[in-house]
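# Structural overview for review
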Amino acid sequence: MSGVVAVIDYGMGNLHSVASALAHAGASQVLVSHDAEVIRSADRVVFPGVGAIRDCMAEIRRLKCDQLLADALADRHKPVLAICVGMQALMSHSEENGGVPCLDIIPGEVRYFGNPLVDGDGNRLKVPHMGWNEVRQVGDHPLWQGIPDLTRFYFVHSFYVDAVERGLVAASVNYGVNFDAALARDNLFAVQFHPEKSHTAGLRLLRNFLEWNGQC
Amino acid sequence: MGLAKRIIPCLDVENGRVVKGVNFVDIRDAGDPVEIAIRYNEQGADEITFLDITASHEGRDTTVHTVEKIAEEVFIPLTVGGGIRSVQDIRTMLNAGADKVSINTAAIHNPELVRESAERFGSQCIVVAIDAKRVADVDGKPRWEIFTHGGRKPTGIDAVAWAVRMAELGAGEILLTSMDRDGTKNGFELGVTRAITDAVEIPVIASGGVGTLDHLVDGILLGGADAVLAASIFHFGEFTVPEAKAYMAARGIEVRL
């Protein structure tokens, strides 16, 4: 039973696709909100994000979503899924917008892909990293259940996560550099790609999240 | 192995129906956009582009409704373009469920719209559509100019320089359509495709003129495009998306199978 899933809405862009993918994946109830009561009483929490990090961080702090997220993470029975800029916001600091301090929930940097970016053969790579790339799973995690290693997920971003504690890496991906596609710690799972836009593999990951008890 | 080249079926929609013209004139009906989008999603399309060619205001409401219905059923990226003139239009389409919005003529009239919308919504959702047409060579070098009104009205703007400027203003992607080729099934205009992909750091989608699977291959291997967009070869059942992907993979192109 998925129970109630709260999608934290801090006003940065459209969250309908996340909500509708969660519903499609089997969520019994999805609430898109920044209301403290809604998020506190939810059984699961999704922390999404699109747009520029400076504006995201400003809204997260203004709406006190940082505290709501910290409370959710402190409740080890409440699974939390962070997506894209939501994952980046968890880190210590981002290079975007001239340097922005982030939530520092997971120690690490959010770095720019660099310009020019080249692959192993010296071919130029476009930025943003936009499209379907192979995700290399690291270790076992309930959220990878039924998803073959190296399945492609949809990415769209110009900055990538580089966590300090390498033991937290749940998946990596290569685009000119190797970077963290997923991080896992306790009841938190964070992904750089967009499961809500990754067709059957993405829906499967969301279904796994809905069935997850928050334990690794 | 790494990032896959994308195949993007395009729905040209007029008054709620998918149509596809030859050089933007001769319109054929290809069906219901929601049904067609679901079909491409199931076939493994990497994204879907929805271009609204409806002229009337009443038709715009139909479009928003159609985008909402597609977004409820299709869990791959959806780009919506056609008639986008303001930040409010962009917001409306994003709220309806579009992941990216394509700006064309409005960017020509008001380039700041690209900057403003990229700052507000993020570059990742701002696509600038460029309709280019070959014009007289300058100093023996080929030149392409931006045309509006379905390729009838020249603007005098150099297509390559324009693409560079749009990227500087914050566009996350370029959708390049060759107006000489659109609807002709003679293949992409590879000269302008290559010139623009070489000139910008952001991804480029090649569009206009696909008639065979070799055209898709050429767009990637010769044109240097990051994604290829086609309409009629998919709508009228000549090829499926999996057939196109298998063909490209057999020619060494990395695709999502």
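Residues numbered from 1 in each chain as written. Chains lettered and ligands numbered in written order. Predicted model: local features only at pLDDT ≥ 70, side-chain atom pairs only at ≥ 80, totals over all residues.

### Side note on the nonpolar core
A:Ile8, B:Val101, B:Ala171 and B:Ile174 are the most contacted members of the largest nonpolar core, which totals 164 residues. Apart from the residues lying within four places of it in its own chain, the contact partners of B:Ile174 are B:Val128, B:Ile130, B:Ala163, B:Met166, B:Ile196, B:Val200, B:Ile202, B:Val204 and B:Ile205. (Core = buried A, V, L, I, M, F, W, Y, C linked by C-beta atoms within 7 Å. Buried ≥ 20, exposed ≤ 12 C-beta atoms within 10 Å, placed from the backbone. Contact = placed C-beta atoms within 7 Å.)

### A word on the packing of helix H8 (residues 213-221) of chain B against helix H10 (residues 241-250) of chain B
Residues and elements named next belong to chain B. Contact geometry of H8 with H10 gives a least axis separation of 9 Å together with a crossing angle of 55 degrees. Here H8 lies oblique to H10, going by the angle between them. Crossing hand, H8 versus H10: right-handed. Where H8 abuts H10, its residues Leu-213, Leu-216 and Val-217 lie against Ala-244, Tyr-247 and Met-248. By residue class, the composition of the contact of H8 with H10 is six nonpolar, no polar and no charged. (Axes fitted to C-alpha atoms, helices over the stretch in contact; angles between N-to-C directions. Helix = DSSP H or I, 4+ residues; strand = E, 2+ residues; numbered from the N terminus. Parallel < 35°, antiparallel > 145°, perpendicular 65-115°, else oblique. Left-handed = near helix turned anticlockwise from the far one by under 90°. Nonpolar A, V, L, I, M, F, W, Y, C, P; charged D, E, K, R; others polar.)

### Some details on the interface of chain B and chain A
With 26 residues of chain B at the contact, the number on the chain A side is 31 residues. For the side of chain B that touches chain A, the secondary-structure elements that each account for two or more residues are helix H2 (57-73) and helix H3 (87-96) of chain B. Broken down by class, the residue content of the side of chain B that touches chain A amounts to 11 nonpolar, seven polar and eight charged.

### What to know about the pairing of strand S13 (residues 159-163) of chain A
All names here are of chain A. In terms of residue burial, S13 counts as a mostly covered element, since four of its five residues are buried. Summarising the sheet, strand S7 (residues 108-112) and S13 pair through five bridges and their orientation is antiparallel. The residue of S13 that forms the bridge with Gly-108 is Ala-163. (Pairing = 2+ DSSP bridges.)

### Quick look at the sheet that holds strand S6 (residues 100-101) of chain A
Residue and element names in this part refer to chain A. Read from one edge of the open sheet, four strands run S6-S5-S7-S13, paired in mixed fashion. A strand with exactly one partner marks an edge of an open sheet, and here the two such strands are S6 and S13. Both strand S5 (residues 93-94) and S6 contribute to a ladder of two bridges, which runs antiparallel. Bridge assignment links Ser-94 to a residue of S6, and that residue is Val-100.

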